Amino acid sequence: MFSPVGFCPEFTAYNGEELVYVLEGQVQYHLEDGDFELSPSDSIHIDSHRKHQLKNIGSVEAVIISIGTLPLFNL
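Residues numbered from 1 in each chain as written. Predicted model: local features only at pLDDT ≥ 70, side-chain atom pairs only at ≥ 80, totals over all residues. Heavy atoms only, no water.

Visitor: Explain the packing of aromatic side chains to me, please; I cannot follow it from the model alone.
Guide: Within this structure, the stated rule accounts for zero aromatic pairs. It is Lys51 that lies over the ring of Phe11; its NZ or CZ is 5.7 Å from the centre. (Phe/Tyr/Trp six-rings, centres within 6.5 Å; stacked < 30°, edge-to-face > 60°. Lys NZ or Arg CZ within 6 Å of the ring centre and 35° of its normal.)

Spelled out as structure tokens, the structure:
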């Protein structure tokens, strides 16, 4: 995924999980309980039912891998 400088979508939440890995640039991941700055080779894994938002805080376009899953089993 490519994130332009200053890109900041609305907060989102859904059932499942999300993994974000930063290849280039600098992003900030906003969660209900805090903010996390991520640089190249950093990653974050969250339960997607929590409100979250990803913002490009760097001076260049960010390149990230974002993988989302849906719950497969009701345990």
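Visitor: How should I be thinking about the pattern of salt bridges in this particular structure?
Guide: When the charged atoms of two side chains with opposite charge come close together, those side chains can pair. Per the counting criterion, the structure on display carries one salt bridge. Here Arg50 makes a salt bridge to Asp33, at a shortest N to O gap of 2.6 Å. With Arg50 in the loop between β5 (43–47) and β6 (52–56) and Asp33 in the loop between β3 (27–31) and β4 (34–38), the pair connects residues that are 17 residues apart, well separated along the chain. Its relative accessible area of 22% is what places Arg50 among the partly exposed residues. For Asp33, a relative accessible area of 58% puts it in the exposed group. (Salt bridge = Lys/Arg side-chain N within 4 Å of Asp/Glu carboxyl O. Helix = DSSP H or I, 4+ residues; strand = E, 2+ residues; numbered from the N terminus. Buried < 20%, exposed > 50% of the residue type's maximum accessible area, 1.4 Å probe, protein only.)

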